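Results of the structural survey
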Amino acid sequence: MRLSVAEAFQRYGDRLFAAAFSLCRNQMDADDAVQDALIKYLTLGLDYTDETHIKAWLLRVTINCAKNISSSFWRKNTVAWEEHMDELAFEAPEDHRLFEAVMRLPQKYRVVIHLFYNEEYSIREIAEILRCREGTVKSQLSRGRKLLKKMLMEEWNDDE
Amino acid sequence: MTNKERYQRAFSTLHASDDHVLEVSAMKQTEKIRFNKLVAVCAVLVLVLGLASISYAADIGGIRRSIQLWIHGDQTDAILEVESGHYSLTYEDADGNVRHQSGGGVAFGPDGKERPVTEEEILEQLNSPDVVYNEDGTVWVYYFNQKIEITDKFDDQGVCYVQLKDGEGVLYMTIKNQSGYSISRHNYPNPISFN
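Attention in this report is confined to the structure presented alongside it. (Residues numbered from 1 in each chain as written. Chains lettered and ligands numbered in written order. Predicted model: local features only at pLDDT ≥ 70, side-chain atom pairs only at ≥ 80, totals over all residues.)

Moving on, we come to the overall build of chain A. A count of helices and strands for chain A gives 8 helices and 0 strands. In chain A, the order of α-helices and β-strands from amino to carboxyl end is α-α-α-α-α-α-α-α. The buried share of chain A, reckoned over its 160 residues, is 40%. Taking contacts inside chain A between residues at least 6 apart in sequence as the whole, the part at least 24 apart equals 67%. (Helix = DSSP H or I, 4+ residues; strand = E, 2+ residues; numbered from the N terminus. Buried ≥ 20, exposed ≤ 12 C-beta atoms within 10 Å, placed from the backbone. Contact = placed C-beta atoms within 7 Å.)

Positive phi values are uncommon outside glycine, yet A:Arg25 reaches one of about 55°. Looking at the secondary structure, you find A:Arg25 in the loop between helix H1 (5–24) and helix H2 (27–44).

What follows concerns the pairing of strand S4 (residues 74–83) of chain B. All names here are of chain B. Note that strand S3 (residues 64–71) and S4 share 8 bridges and pair antiparallel. Residue pairing in the sheet places Trp70 in a bridge with Gln75 of S4. By the bridge criterion, 6 bridges tie S4 to strand S5 (residues 86–92) in an arrangement that is antiparallel. Following the sheet pairing, Ile79 is matched in S5 by Thr90. (Pairing = 2+ DSSP bridges.)

Residues and elements named next belong to chain B. Taken together, the 3 strands give an open sheet; going across it, the order is S12-S13-S14, and neighbouring strands pair in antiparallel fashion. Bordering the open sheet on either side are strand S12 (159–166) and strand S14 (181–184), each of which pairs with just one other strand. Averaged over all adjacent pairs, the angle separating strand axes in this sheet is 20°, with direction ignored. Taken together, the 4 bridges between strand S13 (residues 169–176) and S14 define a ladder with antiparallel strand orientation. Looking at S14, one finds that Ile175 is bridged to Tyr181. (Axes fitted to C-alpha atoms, helices over the stretch in contact; angles between N-to-C directions.)

A few words now on the nonpolar core. Residues and elements named next belong to chain A. Grouped together as the largest cluster of nonpolar side chains are 63 residues, with contacts concentrated most on Leu16 and Ala20. At 11 residues, H1 tops the list of elements feeding residues into this core. Counting the residues that make up this core, at least three belong to each of domain 1 (1–75) and domain 2 (89–160). (Core = buried A, V, L, I, M, F, W, Y, C linked by C-beta atoms within 7 Å. Domains from an automatic or database assignment.)

All names here are of chain A. Axis separation between helix H5 (residues 93–103) and helix H8 (residues 134–152) bottoms out at 10 Å; the angle between their running directions is 135°. Considering the angle they form, H5 stands oblique to H8. H5 and H8 meet at a crossing whose hand is right-handed. Contact with H5, carried on its side by Arg97, Leu98 and Ala101, involves Leu148, Met151 and Leu152 of H8 and no other residues of that element. For the contact of H5 with H8, the residue count by class is 5 nonpolar, no polar and 1 charged. (Parallel < 35°, antiparallel > 145°, perpendicular 65-115°, else oblique. Left-handed = near helix turned anticlockwise from the far one by under 90°. Nonpolar A, V, L, I, M, F, W, Y, C, P; charged D, E, K, R; others polar.)

In structure tokens:
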């Protein structure tokens, strides 16, 4: 099956953007990553099993695009993520602190943490999306959690 | 509240920018003018981003082209690569820094089917006027070698009207502050007709 680009953006745009932002920590770079991913979605014209497949594919490509943008020699958009914080309307102060704590994690932990907590993917699914070993995901998730716990203390539960 | 619930609530504040949508609206208007001879193509271009104006292009083989383009009123050399509706542009800016820009697009036909934009359509989009909002608050319109400051030209509704000239005559441009623009060869587009 396929969704049109407009449908894909409507359904997953915010999720793709959040994943890209969690990686590049920059609004404009994240927008660029989403755009690049949608263009690839269009131009490759792949056939997908179902919407779950489309979402996972788009997330993987968006993350890869965000990585490319973040690691490029010349980054055209260099606005620090802290500057974007004022524009975000958090429901509660602890949401702001959680968001900030995640942004302070090393990049490799941020991606895994985001896919686990925001997208509710399993370790196996995250490994498939990121094309890496389950053990690596498990380890990065564990380290990311520990760092979040250290930064947020009682605001971060011990549950998974 | 679980960690997942808390995390999802915190990150639900992030939203993909609707700049794409605004850009699409502007391009939709643009293509209506520029593509009205293409009966089969209904004039909706999305995701194409352009900052420059092309004045000359010469093949250097394959899908890579050496071009000259106008950036903020300055003409410079650039390398344009186009593949399946996606383009990348590399050039040196006025300060000698190597800049890279990329994008792509899709056109929707009347039947709703999508197709990647062609190289010609990408060049058309790159050739469109550019509205730049600077950090110092000034707003400029760039079109080939023309540059016009419009910072104080917006009316109470945040709309500005500009006339540009090129080899084909006058280009009427209606600009909404921070919300895209529309152009026409005949008259100023109505601000409520786009975005």
